[in-house]
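Secondary and tertiary structure notes
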Amino acid sequence: HDAPRRDTAVQALSALGVRLEMDDLGSGYSSLLRLRQLPFQTVKIDQGLVREAERDPRRVIGFIGSLIRLAHTLELDVVVEGLESPALIEVAMVLGADFGQGFALAKPMSAATLSDWIRQFAIAVDPARPTTALGALAAHWLWEYGGHDRDAADPARAHEHCALAHYLRQQGLTDGEVGLVHADMHRLARDKGINSAEYRAVMTQMVALLMNAPEGHAVGDAQVHSKSDAPI
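Keep in mind that this is a model prediction, so the values were computed, not measured. (Residues numbered from 1 in each chain as written. Predicted model: local features only at pLDDT ≥ 70, side-chain atom pairs only at ≥ 80, totals over all residues. Heavy atoms only, no water.)

1. Examining the overall build of the chain
Each helix and strand in the chain was counted, giving eleven helices and four strands. Counting the 232 residues in the chain, one finds 43% classified as buried. Contacts in the chain between residues at least 24 apart in sequence constitute 63% of all its contacts with a sequence separation of at least 6. Carbon together with sulfur atoms contributes 54% to the accessible area of the chain, which is approximately 12,800 Å² in total. (Helix = DSSP H or I, 4+ residues; strand = E, 2+ residues; numbered from the N terminus. Buried < 20%, exposed > 50% of the residue type's maximum accessible area, 1.4 Å probe, protein only. Contact = heavy atoms within 4.5 Å. Areas by Shrake-Rupley, 256 points an atom, 1.4 Å probe, with all protein chains shown as cover.)

Have a look at this one:
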């Protein structure tokens, strides 16, 4: 209960070279204050937040992406917890997380089996070519808050080369209702802006259609090593 003494001890550990990780970022309102007060090197995004992605993908992806950007701005590494499906792995990697943790990467194992797992583990994610609906929505979030301004002068290119468009082509959805909504979404982004009520309404429709469409591919099918690690 002696906060100054506690923080002095933590600072001393850091001075010895111990790397400090903040657990469960996003689960409490005091975490950001602690980031300023103590010399953390890594933050872990709370798995309770990540597991809500299927239920509320738009908001959760935006929250995770914003936390990753905040942490990187503060020169911190980011671990995303709760990766229990190939789609969640893809979301974390598309949004730029440094590390991932969860049963879709590995379940608890003995020391004897760890070395074999390390040799065999392989996964690939191309942010420009997502293979899951959640990954496609994560890639589109990056476009909204980065690529949108760059592509404003050439909306045709934005529509053709958007990662979400690639996903729709991959799934054979371009010529259906989802494809029409996607085209309308880019038109509204150009004419009204991504913060307009019209764009947000169409984006909500797009999310509902994507999350209810069957998927034919999974990121786990790929066998190419990625640049991201999977800490145990």
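2. Remarks on empty space enclosed by the protein
Tallied over the full model, the rule gives two cavities of 30 Å³ or more. Considering only enclosed or pocket space, the second largest cavity measures out at about 40 Å³ in volume. Contributing to the lining of the second largest cavity are P57, R58, I61, L137, W141 and M203. Those elements that provide at least two residues to the lining of the second largest cavity are α4 (57-73) and α7 (133-151). Tallying contributions element by element places α4 first for the lining of the second largest cavity, with three residues. Residue composition of the lining of the second largest cavity, by class: five nonpolar, no polar and one charged. (1 Å grid on protein atoms, 1.4 Å probe; cavity = no way out; pocket = protein on both sides within 12 Å on 5 of 7 lines; lining within 4 Å. Points joined across faces, edges and corners; volume = space filled by probe spheres on them. Nonpolar A, V, L, I, M, F, W, Y, C, P; charged D, E, K, R; others polar.)

3. Structural notes on the nonpolar core
If you look at the biggest cluster of nonpolar residues, it comprises 60 residues, and the most contacted ones within it are I45, V80 and L210. Each residue touching L210, except ones within four places of it in the same chain, is listed here: A133, L137, L164, Y167, L168 and V178. (Core = buried A, V, L, I, M, F, W, Y, C linked by side-chain atoms within 4.5 Å.)

4. Let's talk about α4
Helix length check: α4 (17 residues) gives 24 Å between terminal C-alpha atoms against 24 Å at 1.5 Å per residue, within 8%. Within α4 the residues assigned to the buried category are P57, V60, I61, G62, I64, G65, L67, I68 and A71. Two residues or fewer after α4 comes E75, characterised by a positive phi angle close to 60°. (Expected span 1.5 Å × (residues − 1).)

So, to be careful, I would describe these as geometric facts and stop short of saying anything about function.
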